[in-house]
Amino acid sequence: AYKTLQVEREQLAAARKTFKDQWGGVQVNSTASRYDDYVVVIGESARKDYLHVYGYPIANTPFLSKVNGVFVDGLKSADTHTVTSLSRMLTANDKKSHAANYNMDVVTLAKKAGFQSYWISNQGYLGIYDTPISLIAERAENHQFLKSADNETHNGSDFAIIDIFKKQLTNPTKQKRVFFLHLYGSHNDACKRITDFHDDLVIKDPSYAYMSCYVKSIHKTDVFLSKIYQQLQQNKAATQREFSIVYFSDHGLTASDNHIMVSSGKSKQHYDVPLIKLSSDDDQRQMIHQQKSGYYFVDGLANWMGITNDKLYHYDLFGDEQPDFVVVAGDWTYEPE
């Protein structure tokens, strides 16, 4: 993973110097682009099967377990670590080599389509060691990092994003907008993620102490999503602006023998992540059991926002249909039936 990260950083440095938009012509389908405000919440290290809404026995998603929306059971992240996964999920990566293409990122695509773009991150900016995600974030017209250096320099809470988001959301505009909210979520050490959060989960066996922190960190993300949803509802009541939220995680983790969630190694669970869409006009709950590929995530986000481009695949992240090509995730390949 370290060698891969070094390659990514070298590519990043080159991409910043040589950036040239390769999207070409971009259009917005007025019928398909149904909402005024689009919000992409990027989770961190949240493994799907540790969310109660996906069947985990502890009720750590009280909001997601009752709200109307679309819940996808089958998204495979593009890789097992934040940098290598999100660089491919947020760019139109090469579909054969899966190399990230920083000249075709989702923020630039949205801007070309006429969306105002915002990025609020609780991940570190990292200075000269920028991740590809900070490069993409920089391209948003409005971007803010809550941490100026690496992730551990300041153990800030994801809840700090909420007031910043509210301020930006309530700025009057007639334009469509897309907001990217990048969480620190359930990142190691999970116990540090919940210093400002309490729930009633009690662990009798001390060997499960760390696992309880991980489970609670997912509960905290559930509360975060409920507050963002509430703010969007309030803004809709005041402005009649319709909204849609997409929440997903960059990658999962592996449960070790001593009940600690770890990112080392590689397992199928590293790729199994949640994908949820909550919209202002939802009137029911839907669970979609269908394989979805992180390698086509930009195509799917574009489809969600109603953006068309001749370099994009028509990829519905939230439908039952399977595309007519092989879906690849890590070492696992899924042939369409």
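Rules of the game
Residues numbered from 1 in each chain as written. Predicted model: local features only at pLDDT ≥ 70, side-chain atom pairs only at ≥ 80, totals over all residues. Heavy atoms only, no water. Helix = DSSP H or I, 4+ residues; strand = E, 2+ residues; numbered from the N terminus. Contact = heavy atoms within 4.5 Å. Areas by Shrake-Rupley, 256 points an atom, 1.4 Å probe, with all protein chains shown as cover. 1 Å grid on protein atoms, 1.4 Å probe; cavity = no way out; pocket = protein on both sides within 12 Å on 5 of 7 lines; lining within 4 Å. Points joined across faces, edges and corners; volume = space filled by probe spheres on them. Axes fitted to C-alpha atoms, helices over the stretch in contact; angles between N-to-C directions. Parallel < 35°, antiparallel > 145°, perpendicular 65-115°, else oblique. Left-handed = near helix turned anticlockwise from the far one by under 90°. Nonpolar A, V, L, I, M, F, W, Y, C, P; charged D, E, K, R; others polar. Phe/Tyr/Trp six-rings, centres within 6.5 Å; stacked < 30°, edge-to-face > 60°. Core = buried A, V, L, I, M, F, W, Y, C linked by side-chain atoms within 4.5 Å. Buried < 20%, exposed > 50% of the residue type's maximum accessible area, 1.4 Å probe, protein only. Expected span 1.5 Å × (residues − 1). Salt bridge = Lys/Arg side-chain N within 4 Å of Asp/Glu carboxyl O.

### Remarks on the overall build of the chain
Of the regular secondary structure elements, the chain holds 7 helices and 14 strands. Looking at the chain alone, contacts between residues at least 24 apart form 76% of all its contacts between residues at least 6 apart. Accessible area of the chain: about 14,400 Å², with a carbon and sulfur share of 50%.

### Digging into the environment of N258
Tracing the backbone shows N258 in the loop between β8 (254-255) and β9 (261-262). Sequence spacing of N258 and S207 is 51 residues, and the spatial spacing of their C-alpha atoms is 7.0 Å.

### Quick notes on the layout of surface pockets
Estimated volume of the second largest pocket: approximately 330 Å³. In this structure, the second largest pocket is lined by 17 residues; those nearest its centre are R34, Y35, K277, W304 and F318. Broken down by secondary-structure element, the contributors of at least two residues to the lining of the second largest pocket are β3 (69-76), β10 (275-279) and α7 (297-305).

### Some points on the packing of helix α5 (residues 160-169) against helix α6 (residues 209-239)
Where α5 contacts α6, the axes come no closer than 11 Å and their chain directions differ by 15°. Between α5 and α6, the angle falls in the class roughly parallel. Note that α5 runs across α6; the crossing there is right-handed. Each of I161, I162, F165, K166 and L169 in α5 lies in contact with α6, whose residues at this interface are F224, K227, I228, Q231, L232 and N235. Of the residues assigned to the contact of α5 with α6, the class counts are 7 nonpolar, 2 polar and 2 charged.

### Describing the packing of aromatic side chains
Each pair of aromatic rings is reported with the distance of its centres and the angle of its planes. Taken as a whole, this structure holds 14 aromatic pairs when the rule is applied. Ring geometry for Y38 against W304: centres 4.9 Å apart, planes inclined by 85°, an arrangement best described as edge-to-face. Highlighted residues: Y38 in strand β2 (residues 37-43) and W304 in helix α7, separated in sequence by 266 residues. Feature note: the residues Y35, Y38, F115 and W304 constitute an aromatic cluster, connected by ring pairs.

### Digging into the nonpolar core
One finds W119, F248, L275 and M305 to be the most contacted residues of the largest nonpolar core, which totals 47 residues. For this core, the secondary-structure elements that each account for two or more residues are β2, β3, α2 (82-89), α3 (106-112), α4 (132-138), β6 (177-182), β7 (243-249) and α7. Those residues in contact with W119 that lie beyond four places of it in its chain are I42, L90, V107, I133, I136, A137, A140, N142, H143, Q144, F180 and H182. Residues A46, Y214, Y229 and L278 belong to the second largest nonpolar core, which totals 44 residues.

### A short note on α6
In this model α6 runs 45 Å from its N-terminal to its C-terminal C-alpha over 31 residues, within 8% of the 45 Å that 1.5 Å per residue would give. Looking at the residues trailing α6, positive phi occurs at Q240, about 65°.

### Structural notes on unusual backbone geometry
That bond from N188 to D189 is cis: its omega, -10°, falls within 30 degrees of zero. Within the element layout of this structure, D189 appears in the loop between β6 and α6. Here S45, not a glycine, exhibits a phi torsion of approximately 60°, which is positive. Relative to the helices and strands, S45 resides in the loop between β2 and β3. The backbone phi angle of H98 is positive, close to 65°, even though this residue is not glycine. For H98, the location among the structural elements is in the loop between α2 and α3.

### What about the pattern of salt bridges?
In a structure, side chains of opposite charge can pair up when their charged atoms sit close to one another. In this structure the tally under the stated criterion is 11 salt bridges. The partner of D21 in a salt bridge is K112, and the shortest N-O contact between them spans 2.8 Å. Residue D21 is found in the loop between α1 (2-18) and β1 (27-28), and its partner K112 is found in helix α3; the two are separated by 91 residues along the sequence. With a relative accessible area of 29%, D21 lands in the partly exposed category. Owing to a relative accessible area of 37%, K112 belongs among the partly exposed residues under this scheme. Taken together, the salt bridges that share partners define one network made up of D37, R177 and R241.

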